[in-house]
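Residues per chain are reported as follows:
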Amino acid sequence: MLSHYFPGTLLPAAFATCVLACTPLYAQAQTQGQAQAADPAPDTAAGPTWKLSGFGTLGVVHSNNREADFSSSVLRASGAGVSGSWSPDVDSRLAAQLDVSQGAWSGVLQVISEQRLNGSYHPRVEWANIKYQMTPDLAVRVGRIALPVFLGAESRKVGYTIPWVRTPVEVYGALPISSSDGVDATWRWNAGAVRHATQVFSGSTDQDLGFGLQIDAENILGLSHSIDYGPLTVRLSAARARLNTDIAADLFAGLRMFGPQGQMLAERYAIVNKRVSMISAGASYDPGAWFVTAETGRTRTDSLLGGGTSVYVGAGWRQGAFTPYVGYAQIRADVATSDPGLSLQGLPPPVAAGAAQINGALNTLLATIPIQTTWSTGVRWDVATNVALKLQFESVRPRGGSRGTLINSTPAFRSDRTTNVTSIALDFVF
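First, a word on what this report is: a plain description of the structure on this page.

About the cut-offs
- Residues numbered from 1 in each chain as written.
- Predicted model: local features only at pLDDT ≥ 70, side-chain atom pairs only at ≥ 80, totals over all residues.
- Heavy atoms only, no water.
- Salt bridge = Lys/Arg side-chain N within 4 Å of Asp/Glu carboxyl O.
- Helix = DSSP H or I, 4+ residues; strand = E, 2+ residues; numbered from the N terminus.
- Buried < 20%, exposed > 50% of the residue type's maximum accessible area, 1.4 Å probe, protein only.
- Pairing = 2+ DSSP bridges.
- Core = buried A, V, L, I, M, F, W, Y, C linked by side-chain atoms within 4.5 Å.

Section: the pattern of salt bridges
A side chain of one charge can pair with a side chain of the opposite charge if their charged atoms are brought near each other. Scanning the model with the defined rule gives 17 salt bridges in all. E114 is paired through a salt bridge with R76; the nearest N and O atoms lie 3.3 Å apart. With E114 in strand β6 (residues 105-114) and R76 in the loop between β2 (69-70) and β3 (80-81), this pair connects stretches of sequence that are 38 residues apart. For the pair E114 and R76, a shared accessibility class is recorded, and that class is buried. Counted as one network, the salt bridges with shared partners bring together R76, R93, E114 and K157.

Given below as structure tokens:
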């Protein structure tokens, strides 16, 4: 049962660091947003303006792994692999968004349906916030807001806005929690031809893991700074939070029964009021005919979540309606992914057997700290306005005894074996 609660990288997923490179559409949206922010507030006499839009992905993924599932997020119940060689659940989603604005005030409600940990597609409110444009350069939002730790933070689920099938699982997959309930403030300013956006944010969030379990991130506090200069976009982010969850509570209760040694291990690894800190940086250079992106980040927490460093590099070439691309991603653990656990020396045989089982469970959980590399290549075809068809091939290899970002691993799973993944996705916006 513990392996179900800790598929792939659920542990470090709370706030693992990463930055996604910006696409031309995102850069254009940023520029448009800055231009709109600089305009005087419109006349409110005509009443509010309403807009209904949406987006979605119809995808299918094949994996040759029969010992674990490939998934785009640890918050999925299943993927492609052990649950079935083909899966529509990895990338498929449908979302609707309602925007309203009047004068300096605006609001947004976004609802997304995608597979959840219980296997359902029950819709979830992704955004629900109110924004006040205090000045042409300063805006404040309150409510459920996208966590601004990526260049594409507000479009990470909109497959149409990115060239590849999905954001790299080594980086984005480590942060499945994409929004928080709180407040943020954004100040936009210029230094010559360089455009800046400085954002501070604070809030909290919780994720229902099913089976009566959840993980809570409290006291989220962060700073994000974006720079745009011609075809160059850069984003730097730093954040911290306090995590609490009753996951593996039985394991830690068992450890505490073994006196000071067990209590020390339980205190080290239990996810109770543990601080998570992160820092990340990413850049994209996109002159139009081609683009290249690079991202890196690091996370740290003194708990079972461990800590790690992730990096991604990708590039593409636009040839009319077609965009072939290549990419490389890596995530490594910056902490030990195993522990000797309880000492068995001097224990009566029945007690030693119980301690050995506890040690095994502890190391099974530590093995979920991801160590993995992925090579990818693919092509995007813009078949029509607001519709793109993508084909992508990936070579995914967990290393160092880790399950990497794979989920639902079986006892037969072995690290250091390559998983070949083929993905087809139809992305659209409306």
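Structure shown, so let's carry the discussion forward.
Re the pairing of β6
For strand β5 (residues 93-102) and β6, the ladder comprises 10 bridges, and the chain directions are antiparallel. Opposite R93, over in β6, you have E114 as the bridge partner. Taken together, β5 and the strand that follows it, β6, pair antiparallel across an intervening segment of two residues, in which G103 is found at a positive phi of about 60°. Note that β6 and strand β7 (residues 124-133) share eight bridges and pair antiparallel. Note that in β7 the partner of Q110 across the bridge is W127.

Brief notes about unusual backbone geometry
The phi angle at N219 is positive, at roughly 55°, despite the residue not being glycine. Within the element layout of this structure, N219 appears in strand β11 (residues 213-229). The residue N386 is not glycine, and still its phi comes out positive at about 70°. Mapped onto the elements, N386 comes out in the loop between β17 (372-384) and β18 (387-398). For N386, a relative accessible area of 33% translates into the label partly exposed.

Re the nonpolar core
In this structure, L209, F252, L255, Y269 and L304 are the most contacted members of the largest nonpolar core, which totals 52 residues. Of all the secondary structure elements, the ones that give two or more residues to this core are β10 (194-210), β11, β12 (232-245), α3 (249-256), α4 (259-269), β13 (272-285), β16 (322-333) and α5 (349-366). Looking at this core element by element, the count peaks at five residues for α5. Of all hydrophobic cores here, the second largest spans 10 residues; its members include V61, A68, A80 and V90.

Some details on the pairing of strand β15 (residues 307-317)
Within β15, eight of the 11 residues are buried, which leaves the element mostly enclosed by the surrounding structure. In the sheet, strand β14 (residues 290-301) pairs with β15 via 11 bridges, with the strands oriented antiparallel. Counted as the bridge partner of G297 is S310 from β15. For β15 and β16, the ladder comprises nine bridges, and the chain directions are antiparallel. Note on β16: the bridge partner recorded for G308 is A333.

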